[in-house]
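What follows is each chain in one-letter form.
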2 protein chains.
Amino acid sequence: MPSSLDFLTEALRRLPGVGPKSAQRMAFHLLQHDREGASMLSRALYQAVDNVHHCALCNTFAETAVCDTCLDERRDKTLLCVVETPADQLMIEQTLTYKGLYFVLMGRLSPLDGVGPKDIHLDKLVGRAADGVVSEVVLATNFTNEGEATAHYISEMLKARGLKVSRLARGVPVGGELEYVDAGTIARAMLDRRST
Amino acid sequence: MPSSLDFLTEALRRLPGVGPKSAQRMAFHLLQHDREGASMLSRALYQAVDNVHHCALCNTFAETAVCDTCLDERRDKTLLCVVETPADQLMIEQTLTYKGLYFVLMGRLSPLDGVGPKDIHLDKLVGRAADGVVSEVVLATNFTNEGEATAHYISEMLKARGLKVSRLARGVPVGGELEYVDAGTIARAMLDRRST
């Protein structure tokens, strides 16, 4: 095989979820059927590495020092929602139920993978949450073991500094049938039941 | 989302088998955990598009006008094996049973997808096979419907020009148990049975 093709196959394997067979298939496809796409992807990668950094306030990906969301004057500056990834933030934005600001951890605590408090920028979060304007921190990490542990850790840390901390409600999903919902979820929904 | 990130996600979708969710996950992964990999992939794509062309003789990917295999003096120039892709060629090379030359179609006939004789370089194949040195063309396209149709088409075309054409044998795979082999394969193995 030509060395440029070997190099390309090797480089494609750096993508998550791409093994040797997929990488080869991708390389062949691009060179045979979509050279324009290959050039476009090359430019996109170069530009993104060059331009995309982290927002000084919320830590999400941004091309400017502070991201558009953090600069938005219409946002409620007293609320700070903590999420694991920019994708999670997008999901919350799509619900149109939250008008506060965000802090994006860019990860979650995961001791088994060697991800500790330093790796998810908790120092930056503390500085952000203790700015004197934020009055409530809403923890919206995932409801996985790691997400829950992360929420617990952050909660303890922020409450020790006198901040009000809340967590997204757990319960039966909208449209959920009890017969098919797991017992843990129903147990939590029972404990967190609310008067109507 | 920053526009460079949007552009990168869009560009990653040009890869075969990558949908919007995977593309976003890949973009986040590269920017968060593997910027070096992103830069490497950018360079690899650029180099491959720039350097990789098709071998003038066998049509496979090559960085030189004629590929290393075609230039190899130890190869049997009287045998020409026709395969669909460079990956198929690699598989045959790994068997160490074939010492002739190759022609790589870079595809297969597939009328439903709009792939006709022109798209798989049959003019180039005819010119190559009729060089006066090649005495037998071995058809090693896949044993799928499309591969079989391609083999049939090429066979008729080359036989009309007086060339000897053969096809890889079909039969029970090595290690195959009759109970678990499909009837079509057994039928073919019965028809093609050979004396021992």
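Nothing here was measured: the structure is a model prediction, and the numbers come from that model.

Analysis parameters
- Residues numbered from 1 in each chain as written.
- Chains lettered and ligands numbered in written order.
- Predicted model: local features only at pLDDT ≥ 70, side-chain atom pairs only at ≥ 80, totals over all residues.
- Heavy atoms only, no water.
- Domains from an automatic or database assignment.
- Least-squares fit on C-alpha atoms with pLDDT ≥ 70 in both.
- Contact = heavy atoms within 4.5 Å.
- Buried < 20%, exposed > 50% of the residue type's maximum accessible area, 1.4 Å probe, protein only.
- Helix = DSSP H or I, 4+ residues; strand = E, 2+ residues; numbered from the N terminus.
- Pairing = 2+ DSSP bridges.
- Axes fitted to C-alpha atoms, helices over the stretch in contact; angles between N-to-C directions.
- Expected span 1.5 Å × (residues − 1).
- Arc of directions from axis to C-beta.
- Salt bridge = Lys/Arg side-chain N within 4 Å of Asp/Glu carboxyl O.
- Phe/Tyr/Trp six-rings, centres within 6.5 Å; stacked < 30°, edge-to-face > 60°.
- Lys NZ or Arg CZ within 6 Å of the ring centre and 35° of its normal.

## Some points on the domain arrangement of chain A
Then step 1. Looking at chain A, the domain boundaries give domain 1 (4-51) and domain 2 (72-165).
Then step 2. Each of domain 1 of chain A and domain 2 of chain A has a C-alpha centre, and these two points are 34 Å apart.

## Concerning the relation of the copies chain B and chain A
Then step 1. Of the transformation superimposing chain B on chain A, the axial component is 0.0 Å and the angular component is 180 degrees, with the fit at an RMSD of 0.1 Å. The superposition operator between the copies reduces to a two-fold rotation axis. Minimal C-alpha distance to the rotation axis in chain B is attained by S42 of chain B, lying at 2.1 Å.
Then step 2. Here 100% of the interface residues in chain B have copies in chain A that are interface residues too; the copies meet face to matching face.

## Observations regarding the pairing of strand β5 (residues 136-139) of chain B
Residues and elements named next belong to chain B.
Then step 1. The alternating pattern of β5 places E136 and V138 on one face and V137 and L139 on the opposite face, and all of these are buried.
Then step 2. Relative to β5, strand β3 (residues 76-83) runs parallel, the two sharing four bridges. Looking at the pairing, L79 lines up with E136 of β5.
Then step 3. Sheet topology note: the β5/strand β6 (residues 164-167) ladder contains four bridges and is parallel. What sits directly across from V137, in β6, is V165.

## A short note on the sheet that holds β6 of chain B
Residues and elements named next belong to chain B.
Then step 1. The strand order β4-β3-β5-β6 describes an open sheet built from four strands, whose pairing is parallel. Each of the sheet's edge strands pairs with one partner strand only, and the pair in question is β4 (100-104) and β6. For this sheet, the mean inter-axis angle between neighbouring strands, taken without regard to orientation, is 30 degrees.
Then step 2. Note that β3 and β4 share five bridges and pair parallel. If you follow L80 over to β4, its bridge partner there is L101.

## Topic: helix α7 (residues 145-159) of chain B
Residue and element names in this part refer to chain B.
Then step 1. In this model, α7 (15 residues) spans 21 Å end to end at C-alpha, consistent with the 21 Å of a helix rising 1.5 Å per residue.
Then step 2. Of the residues making up α7, those classed as buried are G147, T150, A151, I154, S155, M157 and L158. Seen from one end, α7 has its buried residues packed into an arc of 165 degrees, which puts them on one side. Exposed residues lying more than 90 degrees from the buried face of α7 are N145 and H152.
Then step 3. Buried residues along α7 sit against β3, α6 (122-129), β5 and β6.

## Observations regarding the pattern of salt bridges
Then step 1. What the rule picks out here adds up to 20 salt bridges over all chains.
Then step 2. Across the salt bridge formed by E73 of chain A and K77 of chain A, the nearest N and O atoms sit 3.9 Å from each other.
Then step 3. E73 of chain A sits in the exposed class, given a relative accessible area of 66%.
Then step 4. The closest approach of N and O atoms between E93 of chain B and R75 of chain B, which form a salt bridge, is 2.5 Å. With a gap of 18 residues between them, E93 of chain B in helix α5 (residues 86-95) and R75 of chain B in the loop between α4 (68-71) and β3 connect regions that are remote in the sequence.
Then step 5. Here the salt bridges share partners, and the residues they tie into one network are E148, R167 and R170 of chain A.

## What to know about the packing of aromatic side chains
Then step 1. All told, the structure shown has four aromatic pairs over all chains when counted by the stated rule.
Then step 2. On the numbers, 5.7 Å between centres and 35 degrees between planes, the contact of F61 of chain A with F28 of chain B is tilted. Of this pair, F61 of chain A sits in strand β2 (residues 61-62) while F28 of chain B sits in helix α2 (residues 20-33), each in a different chain.
Then step 3. With relative accessibility at 3%, the residue F61 of chain A sits in the buried group.
Then step 4. A ring pair is formed by Y98 of chain A and Y102 of chain A, whose centres lie 5.2 Å apart and whose planes are at 65 degrees; its orientation type is edge-to-face.
Then step 5. The exposure class assigned to Y98 of chain A is buried, which follows from its relative accessible area of 10%.
Then step 6. Across from the ring centre of F143 of chain A, 4.0 Å away, lies the NZ or CZ of R167 of chain A, which sits over that ring.

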